[in-house]
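# Secondary and tertiary structure notes
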Amino acid sequence: MALIKCENVSIGYEGQTVVKDLNFTIEHGDYLCIVGENGSGKSTLVKSLLGLKSVERGKIIYGDGLKQTQIGYLPQQTDVQKDFPASVGEVVLSGRLNSRGMRPFYTGADRKEAAEKMEMLGIQDLAKQCFRDLSGGQKQRVLLARALCATKSMLLLDEPVTGLDPIVTAEFYQLIRRINRESKIAVVMVSHDIESAVEDASHILHLQESMLFFGTAEDYRRSSVGRKFLGGGADV
Ligand code: ADP
């Protein structure tokens, strides 16, 4: 059974439909990149997948034991987040809050989970540092560790490399690939970077009012949509 199945989904704001007729599935271990121009509805879809925004029409069906609150979410960067006045350890630990309901305290298991994820991402030495003093790349690793604390099966990343330099971006993509392959966690990433998306992702969802394309990255490369957006040289 698919982790997420979207059936004829339309989403909008106050009667103004933003995206319509979405039909796609996300299976266990998939790496889906959602691409499309600014304003094509990518973030709106992300909000609906997280259950933060209801759909106008159609259904989003969660399967394979996945609950909306157990999706590890790395939001688009905001200035508020960048200046978050907490330690790295606290930021990572806060990823545990959503997944097991509201509790006023953390358990030993929560702390163990947070420590494991920090080690996995090589940020354990930063645990006591203040989040706002970190570099952009370090911040994204911390927020990734936080998102991993919230899930066992799916990460949802909204434009995670915005503002990062090319080397740090490449490292971040590599990390995501590793998590996807080694931990078998499905990755859903909103991206502007179609070239890298096609390189790394197993599936592509291209939005433009409706669904321009949904399928494997390989089929996307060969499709007329893919060829158009990847430029002339993509005919492989
Ligand atoms: P993308 O993430 O692809 O850039 P968005 O999902 O942010 O696109 O936006 C899609 C459309 O929805 C845009 O036309 C945008 O103006 C509109 N929109 C986004 N958020 C809101 C909101 N809170 N209220 C009304 N319209 C919105």
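What this report covers is the structure whose coordinates are included nearby. (Residues numbered from 1 in each chain as written. Predicted model: local features only at pLDDT ≥ 70, side-chain atom pairs only at ≥ 80, totals over all residues. Heavy atoms only, no water.)

### Some remarks on the pairing of strand β1 (residues 4–13)
Cut-off, in case you're wondering: For two strands to pair, DSSP has to find at least two bridges joining them. Counting from the N terminus, the helices are DSSP H or I runs at least four residues long and the strands are E runs at least two residues long.
Of the strand pairs in this sheet, β1 and strand β2 (residues 16–26) are connected by 7 bridges, and their pairing is antiparallel. Within β2, the position partnered with Lys5 by the bridge is Thr25. The turn joining β1 and β2, which pair antiparallel and follow one another in sequence, is formed by 2 residues; a positive phi near 45° is taken by Glu14. Inspection of the sheet shows β1 paired to strand β4 (residues 57–62) by 5 bridges, in the antiparallel sense. Pairing of Ser10 across the sheet is with Arg57, part of β4.

### A look at the packing of aromatic side chains
Put simply, the rule is: The aromatic pairing rule takes the rings of Phe, Tyr and Trp, using the six-membered ring of Trp, and pairs them if the centres are within 6.5 Å, calling planes under 30 degrees apart stacked, those over 60 edge-to-face and the rest tilted. Burial classes: relative accessible area under 20% of the type maximum marks a residue as buried, over 50% as exposed, and values in between as partly exposed (1.4 Å probe, protein chains only). Whether a charge sits over a ring comes down to the Lys NZ or Arg CZ being within 6 Å of the ring centre and within 35 degrees of the ring normal.
Across all of its chains, the model carries 2 aromatic pairs by this definition. Between the aromatic rings of Phe24 and Phe214, the centroid separation amounts to 5.7 Å while the plane-to-plane angle is 45°, which identifies the pairing as tilted. Of the two residues, Phe24 sits in strand β2 while Phe214 sits in strand β9 (residues 210–216), which places them 190 residues apart along the sequence. Phe24 sits in the buried class, given a relative accessible area of 3%. The exposure class of Phe214 is partly exposed, given its relative accessible area of 25%. Between Phe213 and Tyr220 the ring centres are 5.1 Å apart and the planes differ by 65°, which places this aromatic pair in the edge-to-face class. Each member of the pair, Phe213 together with Tyr220, is buried. Geometry around Tyr13 places Lys53 over its ring, the cationic atom sitting 4.4 Å from the centre.

### Re the sheet that holds strand β5 (residues 72–74)
So the rule is basically this: The axes used here are C-alpha line fits, helices contributing only the stretch in contact, and every angle between their N-to-C directions lies in the interval 0 to 180 degrees. Residue contacts follow a heavy-atom distance rule, with two residues in contact if any of their heavy atoms lie within 4.5 Å.
Within the open sheet, the 6 strands sit side by side as β5-β6-β7-β3-β8-β9. Their pairing is mixed. Because the sheet does not close on itself, it has two edges, and the strands there are β5 and β9. Direction aside, neighbouring strands of the sheet carry axes that sit 15° apart on average. In this structure, strand β3 (residues 31–35) lies alongside strand β8 (residues 203–208), joined through 4 bridges in parallel fashion. Along β8, the bridge assignment pairs Cys33 with Ile204. Relative to β5, helix α6 (residues 136–149) is tilted by about 160°, and along the sheet it contacts β5 and β6 (154–158). Packed onto the sheet, helix α7 (residues 166–182) meets β3, β5, β6 and β7 (186–190) and runs at close to 150° relative to β7.

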